[in-house]
Amino acid sequence: MTKTKRIVLWSVLGVVATAIVVVITYFICLLIAFSNSRDYRPDIVIENPNGEGTLIIEEWLWGFGAGAEIYYKEDGFLKQKKKIGGTSADETCTPFSDGRYTVTWGEDTVTLEYDNGLAKEWVSKTFELP
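Values in this document were obtained by computation on a predicted structure and should not be read as measured data.

When you go through the protein residue by residue, the secondary structure sums to 1 helix and 8 strands. Reading the protein from its N terminus to its C terminus gives the helix and strand order α-β-β-β-β-β-β-β-β. Relative to the 2.2 N^0.38 estimate, which gives 14 Å for 130 residues, the radius of gyration of the protein is 25 Å and therefore markedly larger than a compact globule would have. Counting only C-alpha atoms, the protein reaches 90 × 40 × 20 Å along its principal axes. A burial count over the protein gives 30% of its 130 residues as buried. A fraction of 34% describes how many contacts in the protein between residues 6 or more apart in sequence connect residues 24 or more apart. By element, 61% of the accessible surface of the protein is carried by carbon and sulfur atoms, the whole surface being about 8,700 Å². Each charge class in the protein can be summarised by its mean position, and for the 13 positive and 18 negative side chains these summaries are 20 Å apart.

This next bit is on the nonpolar core. Of all hydrophobic cores here, the largest spans 15 residues; its most connected members are Leu55, Ile57, Ile70 and Ile84. Residue assignment for this core shows that the elements contributing at least two residues are β2 (44-47), β3 (53-62), β4 (65-74) and β7 (109-115). Once residues lying within four places of it in the same chain are set aside, the contact partners of Ile84 are Leu55, Ile70, Tyr71, Tyr72, Val110, Phe127, Glu128, Leu129 and Pro130.

So, about a negative patch on the surface. Judged by side-chain charge, Glu47, Glu52, Asp75, Glu107, Asp108 and Glu128 come together as a negatively charged surface patch. Within the secondary structure layout, Glu128 lies in strand β8 (residues 122-128).

Parameters and conventions
Residues numbered from 1 in each chain as written. Predicted model: local features only at pLDDT ≥ 70, side-chain atom pairs only at ≥ 80, totals over all residues. Heavy atoms only, no water. Helix = DSSP H or I, 4+ residues; strand = E, 2+ residues; numbered from the N terminus. Rg over C-alpha atoms; globule rule 2.2 N^0.38 Å. Buried < 20%, exposed > 50% of the residue type's maximum accessible area, 1.4 Å probe, protein only. Contact = heavy atoms within 4.5 Å. Areas by Shrake-Rupley, 256 points an atom, 1.4 Å probe, with all protein chains shown as cover. Lys, Arg positive; Asp, Glu negative; His and termini not counted. Charge placed at Lys NZ, Arg CZ, Asp CG, Glu CD. Core = buried A, V, L, I, M, F, W, Y, C linked by side-chain atoms within 4.5 Å. Patch = residues over 30% accessible without salt bridge, like charges linked within 9 Å, V, L, I, M, F, W, Y side chains within 5 Å. Salt bridge = Lys/Arg side-chain N within 4 Å of Asp/Glu carboxyl O.

Structure representation (structure tokens):
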């Protein structure tokens, strides 16, 4: 093999290797961006019928799943929002935004029943209020 052919071969291999690294880096960046960003739906705010607090549901979608973070905000001077739990569902199910849920208030608890999207199954979760 002549010197010119070796230079051309190594140049072509260098270009191909660089292209492969660029493509892999691009897909890694896409994966990182996709995995870290949740698409949050508008908050659902539900007042406690006895007037002692508010339930806040922050529902989100992500590439391979969905769920909600459940918060309770007590009435009073500071009115701080405290996380009391969370839910999960399949990737296309947003039961709270779609209105497929019920809320039952207890003295020191709140129970959410919602459609989790998996085989059209309803789930019941009870959360302790702070």
